[in-house]
Amino acid sequence: MATLQASGLTLAYDKVTIVDELSLDIPAGQVSIVVGANGCGKSTLLRALSRLLKPAGGQVLLDGADIHSKPAKEVAKTLGLLPQSPTAPDGITSRELISRGRYPHQGLFKRFSAEDEAAVNRAMELTGTAGLADRPVDELSGGQRQRVWIAMALAQETDLLLLDEPTTFLDVAHQLEVLDVVSELNRTRGITVVIVLHDLNLAARYADYLVALKDGKIYAAGHPTEVVTEKTVKAVFGMPSRVIPDPVAGTPLVLPIGRQRVLRTESVLAANGIFRGDAPVNEPRALAEGLEQDSAVIEEEAQAATRAVAEADPNLARPAREHLQTLAFQTTVLRSQQLSPSFRRLTVGGADLEDFGTNSHPLDMRIKLLLPPEAGFGPNSEIASLRPDALTSPAEQLGWYQRWLAIDPAQRGYMRTYTVRAFREAGHRDNLGTTPELDIDFVLHGKVVDGRLQGGPATEFGDRAQPGDPLLLLGPNKALTDDSYGGIEFRPGAASRIVLAGDETAAPAICAILESLPANVTGHALIEVPETTDILGTTTRSGISVQWLTRGTAEHGSLLRDAVRGAVAIPGAGVVQTTADPEDINVDEDILWETGQAQSAPFYAWIAGEAGTVKELRRYLVRDAGIDRKQVAFMGYWRRGKQEN
Amino acid sequence: MSAIEQSTRRHEPGRPTGVAARRSARVRIAALWMLLVLLATAAAYIFWGRDRLPVDEVLQVLGGASVPGTSFILMEDRLPRLVVGALAGAGLGISGALFQRWLGNPLASPDVIGVGFGASAAAIAAMIVFGVNDWKLSAFALAGGLAVAAVIYWLSASGQRTGSRLILAGLAIGAMLQALIQFLLTQTEVNTASDAMRWLTGSLSASTWERAAVLGIGLGAAGIFLLPVVLRQLKLLELGEDAAAALGLHVGRARVLLVFTAVALGAIPIAVTGPLAFVAFLAGPITAALSRSAIHVPLAGLTGATLVVVANFFAANLFAQINLPVGVITGAFGAPFLIWVLVRANSTGNGG
């Protein structure tokens, strides 16, 4: 088996260096595919590997010896090349063309021998071109023609076959036809194949060894599953993408991401009676969220639970559902689904949820999860008395949160605030169960230690929860609340232009809001997530354009800041007073939580996520852009660098 | 015949089938006809032309006898003319076909791309300036043709070397050389200039056995030693330079050898007969039309020979009193054909 290597190879045309000190071992008996952006030097590399181009530095080693030290004919007996665009002479038949591949095996005066004839027949057999033998090459289809050329290179009977963009100008079926033939040759005859290809997905599918070239250097090389990552695609092609397993071949599949400004078409589709939002039963609809929030907000909200119905006797014990706005619901985890590396969705259900809800769309509704401590819950009458059927009096409930806080955390566990991603009553089209169910999306952030994700209690719970695990949560009492419920902050009033902005912790709320918006609303939804894999689908009937910003190595919040500045421009001088500086809030000590009141302004913004970023955006929108603070909701869901407890 | 039948049928080594077989059959038939036309015209020229010679005397002369008058006309005029014409036509035809097939363009014949003018200019300069008039003229013509080929090649080599670039460069060089030839003629004494002019239109009138020998040796050497190699390499070169190199061909050497051979085969006849207009240009496309396939180089040689012999017959017999230079006839027939090629090239999109 012949070996081919490049060692410190430098290639240049007229002193312009194309390939720079590149070293590469072509794995013998495998299919190697070289990919890269236009002009990265991949074809130049192939020319050098096939002795067509003399290196400016370094060597190409064929069977360990410099390829230029060998006679051209000797090389041609070991190494075949199909150049990018060979020309077939007028009227030549396939057999005649293929026969020309025998040149290196023929002497100066030797006639075409029986051995040559046999080689030509074999080559035609292997490429399925025997039936085309007598046809003029210029009358063949693109795929057939390319197979004939491959047959010509095969008639050379070499151990190595190099192909330069063999699929260029072919339609997709013919591309596969050509690559199938080549990979078949490799599998059946053990020919070492090197292909330069520009289609990354086909390369990932057919390569045993994938080489990604960038600016004349190898950026990554190895098995496609190692090489084809979002990072590589971004670096080599300068294009953000998602990489998912190819449902057909199991190899990585690259889905390019443009600017994702596509959702406006929803309204166009809706006009034709098509609703993509009507997802099939039990398919993940979109992402939801999790947020972990400071206890001060929890405390403030906990008071709502004790706002008993005014007229009732404060000492009369009655079922909690009759007088408490906030109830505790005992639920069970029904399903757990990894949406992306950063998001995990838990679907919980239970009979208690019959009393859950606000009789309106949940929007960005917050609920409290009571996360069990390590050892599991101890007896906890404070929470038990909040369950819908618990007999309790309003007076009993006063100060329950302080009493709960006083319990040792090792017994009571932790309380964390999340937003509801979706709520489905029993009988809802997508709810197969007999009780209502809730989707809650957890943002998983933390470190993986010994194969287990180490993070806050919510992250760990979200990561490890299994179907059947119990989950206690606090939420609105359906009997006593409506869409003015205090756990919902999205109050656009009559606004027709809306900006929704947030990081991954706000993504579930933004997605839920998007699904509720009517068609006459326009604006922007800007969602910053860690990686391209965290881009999750969402649907909206509105004219909101949804833009997912993938952070990568950028600073948290920086992409979001730029995008909000792009979406909300500073008005021209004199239009508004733009110097009103909002009072400073120390986001490390206080909660940044300002929610506007319902009003009739045409513009409304909803900004949530990391408190520092939210604060900066608040400063920009209020001071620089001069937007009335009543038109904007600013919610610091969490603070970077601050311990959750 | 179905594809399956074709693929299962045993294929005899070296024997083309189907399309290829029909094509080689057409080439053989065309060659046969061409040869017949050549011989018939030659016979007509000998026996039947103006100043008709008695058949029995001609046969006696051909049999080796010496017949006053007839012997002279036949042996010193008509036969050398035929031999020189056929040889020159064959050389020009092969030369043109090589260029045309290599560059894949019928316009790429040496008389269009200026190589012919290079040979002419060198020969004229040698005649006028150095008074050369023997076999050395061939060397000058060859040197001139090669020099022009080298210049054109160098001009078209910047960037991608394509047929159309080479043709355009050749046209420009050709125009310059024509100006040079005109200048040389104006600088010359009238009698010499007149001879040179006659030579320039392409004429067989100065044919002698000695010149036929020069032609025969020169063309024979190129045709026997170089042409077989060039034809073999051409089969690879026409696949594209990368494909040819991948098959183990030294593309650079092969190119130089091809240009040298083609220029030699074109320039040696020019030195003897002058530039016979359009013979190199016509022969190749005629073979392509006859075989309904690519240009056939050896057949183009035979075609070139036939063209010149036929043109010679017409030149001698078209008008009662005037003996036209043969180049006038080839030019008169060739020009309309050039127009036809241009029109056809435009419609098929492979024009220069």
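Just so we're clear, the structure is a prediction, and the values are computed from it rather than from any experiment.

## Comments concerning the overall build of chain B
Okay, step 1: Summing up its helical and strand segments, chain B has 14 helices and 0 strands in all.
Okay, step 2: Reading the helices (α) and strands (β) of chain B from amino to carboxyl end gives α-α-α-α-α-α-α-α-α-α-α-α-α-α.
Okay, step 3: Long-range contacts, defined here as pairs at least 24 residues apart, represent 77% of the contacts in chain B between residues at least 6 apart.

## Here's the deal with the overall build of chain A
Okay, step 1: Looking only at helices and strands, one finds 19 helices and 29 strands in chain A.
Okay, step 2: When each of the 645 residues of chain A is scored for burial, the buried share is 48%.
Okay, step 3: In chain A, once contacts between residues fewer than 6 apart in sequence are set aside, the share between residues at least 24 apart is 71%.

## With respect to helix α2 (residues 18–47) of chain B
Okay, step 1: Its 30 residues give α2(B) an end-to-end C-alpha distance of 43 Å, which sits within 8% of 44 Å, the value for a rise of 1.5 Å per residue.
Okay, step 2: Residues of α2(B) that are buried include every one of B:Val19, B:Ala20, B:Arg23, B:Ala30, B:Met34, B:Leu38, B:Thr41, B:Ala42, B:Tyr45 and B:Ile46, and no others.
Okay, step 3: If you follow the buried residues of α2(B), they end up packed against α3 (94–99) of chain A together with α3 (55–62), α4 (70–103), α12 (279–291) and α13 (297–317) of chain B.

## Details of the nonpolar core
Okay, step 1: Judged by nonpolar contacts, the single largest core of 187 residues is most densely connected at A:Leu210, B:Ala123 and B:Ala141.
Okay, step 2: Take this core: its biggest share by element is 14 residues, from α4(B).
Okay, step 3: If we ignore the near neighbours within four places in the chain, the residues touching A:Leu210 are A:Ile33, A:Val35, A:Ala203, A:Ala204, A:Ala221, A:Gly222, A:Pro224, A:Val227 and A:Val228.
Okay, step 4: Core analysis: the next-biggest nonpolar cluster, separate from the first, contains 88 residues, A:Leu324, A:Phe356, A:Ala507 and A:Ala509 among them.

## What to know about the interface of chain B and chain A
Okay, step 1: Opposite the 26 residues of chain B that make contact, chain A presents 32 residues.
Okay, step 2: Among the secondary structure elements, those contributing two or more residues to the side of chain B that touches chain A are α1 (3–8), α2, α9 (209–237) and α10 (241–246) of chain B.
Okay, step 3: In terms of residue class, the side of chain B that touches chain A is built from 13 nonpolar, 10 polar and 3 charged.

## Some points on the pairing of strand β12 (residues 252–256) of chain A
The side chains of a regular strand alternate between both faces of the sheet.
All names here are of chain A.
Okay, step 1: Judged from the 5 bridges that link them, strand β11 (residues 241–245) and β12 form a sheet pairing that is antiparallel. Within β12, the residue paired with Ile244 across the bridge is Leu253.
Okay, step 2: In this antiparallel pair of consecutive strands, β11 and β12, the connection spans 6 residues, and Gly250 shows a positive phi of 80°.

## A closer look at the confidence of the model for chain A
Okay, step 1: Averaged over all residues, the pLDDT of chain A equals 82, while 87% of them reach at least 70.
Okay, step 2: Segment residues 277–294 of chain A is flagged for pLDDT under 50; beyond a separation of four residues in sequence, or across chains, it makes 69 contacts in the model.

## Some remarks on the sheet that holds strand β25 (residues 522–529) of chain A
Backbone hydrogen bonds hold the strands of a sheet together, and the pairing may be parallel or antiparallel.
All names here are of chain A.
Okay, step 1: Strand order across the open sheet formed by 6 strands is β26-β25-β24-β28-β29-β27, with mixed pairing between neighbours. A single partner strand is all that each edge strand has here, and the edge strands are β26 (543–550) and β27 (593–594).
Okay, step 2: Where strand β24 (residues 497–502) meets strand β28 (residues 603–610), 6 bridges bridge the pair, whose relative direction is parallel. Considered in β28, the bridge of Ile498 is made with Tyr604.
Okay, step 3: Across the sheet, helix α18 (residues 558–567) lies against β24, β25 and β26, angled at about 170° from β25, the strand it touches most.
Okay, step 4: Docked against the sheet, helix α19 (residues 611–624) engages β24, β28 and β29 (632–638), running at close to 155° with respect to β28.

## Overview of the sheet that holds strand β8 (residues 192–196) of chain A
All names here are of chain A.
Okay, step 1: With respect to topology, 6 strands assemble into an open sheet ordered β6-β7-β8-β3-β9-β10, the strand pairing being mixed. Strand pairing shows two members of the sheet lacking a second neighbour, β6 (79–82) and β10 (217–222), which therefore form its edges. The average undirected angle you get between the axes of adjacent strands in this sheet is 15°.
Okay, step 2: Where strand β9 (residues 209–214) lies against β10, 5 bridges are found, and the strand directions are antiparallel. Following the sheet pairing, Ala212 is matched in β10 by Ala220.
Okay, step 3: Of the strands in this sheet, β6 and β7 (160–164) touch helix α5 (residues 142–155), which is tilted by about 160° from β6.

## Description of the pairing of strand β18 (residues 414–419) of chain A
Residues and elements named next belong to chain A.
Okay, step 1: Counting buried positions along β18 yields 5 of 6 residues, so the element is predominantly enclosed.
Okay, step 2: The pairing of strand β16 (residues 366–371) with β18 spans 6 bridges and is classified as antiparallel. For Lys368, the partnering residue across the bridge sits in β18 and is Thr417.

## Some thoughts on the environment of A:Arg619
All names here are of chain A.
Okay, step 1: Tracing the backbone shows Arg619 in helix α19.
Okay, step 2: Its 15 C-beta neighbours within 10 Å are what place Arg619 among the partly exposed residues.
Okay, step 3: In sequence terms Arg619 and Asp584 are 35 residues apart; their C-alpha atoms lie 9.1 Å from each other.

## Considering unusual backbone geometry
Residues and elements named next belong to chain A.
Okay, step 1: Even without being glycine, Phe169 reaches a positive phi, approximately 70°.
Okay, step 2: Backbone geometry at Leu363 places phi at a positive 50°, although glycine is not the residue there.
Okay, step 3: Here Leu363 shows up in the loop between β15 (343–349) and β16.

## Observations regarding the confidence of the model for chain B
Residues and elements named next belong to chain B.
Okay, step 1: Counting all residues, the mean pLDDT for chain B is 84, and 91% of those residues have values of 70 or more.
Okay, step 2: Across chain B, element-level confidence peaks in α13 with a mean pLDDT of 93 and bottoms out in α1 with 40.
Okay, step 3: Long-range and interchain partners of residues 1–14, a stretch whose pLDDT sits below 50, account for 16 contacts in this model, where long-range means more than four residues apart.
Okay, step 4: Scored by ipTM, the complex comes to 0.83, with pTM at 0.65.

## Things to note about the packing of α3(B) against α4(B)
All names here are of chain B.
Okay, step 1: Close contact between α3 and α4 brings their axes to 9 Å; oriented N to C, the two are set at 60°. Considering the angle they form, α3 stands oblique to α4. Considering how the two elements wind past one another, α3 and α4 form a crossing that is right-handed. For the pair α3 and α4, contact is made by Glu57, Val58 and Val61 and by Thr70, Ser71, Leu74 and Met75, respectively.
Okay, step 2: Across the contact of α3 with α4, the residue classes break down as 4 nonpolar, 2 polar and 1 charged.

## Points about the environment of B:Tyr153
Okay, step 1: If you trace the backbone, B:Tyr153 turns up in helix α6 (residues 136–157).
Okay, step 2: Distance in space between the C-alpha atoms of B:Tyr153 and B:Ala169 is 8.3 Å, their sequence separation being 16 residues.

Rules used in this analysis
Residues numbered from 1 in each chain as written. Chains lettered and ligands numbered in written order. Predicted model: local features only at pLDDT ≥ 70, side-chain atom pairs only at ≥ 80, totals over all residues. Helix = DSSP H or I, 4+ residues; strand = E, 2+ residues; numbered from the N terminus. Contact = placed C-beta atoms within 7 Å. Buried ≥ 20, exposed ≤ 12 C-beta atoms within 10 Å, placed from the backbone. Expected span 1.5 Å × (residues − 1). Core = buried A, V, L, I, M, F, W, Y, C linked by C-beta atoms within 7 Å. Nonpolar A, V, L, I, M, F, W, Y, C, P; charged D, E, K, R; others polar. Pairing = 2+ DSSP bridges. pLDDT = per-residue confidence, 0-100. Axes fitted to C-alpha atoms, helices over the stretch in contact; angles between N-to-C directions. Parallel < 35°, antiparallel > 145°, perpendicular 65-115°, else oblique. Left-handed = near helix turned anticlockwise from the far one by under 90°.

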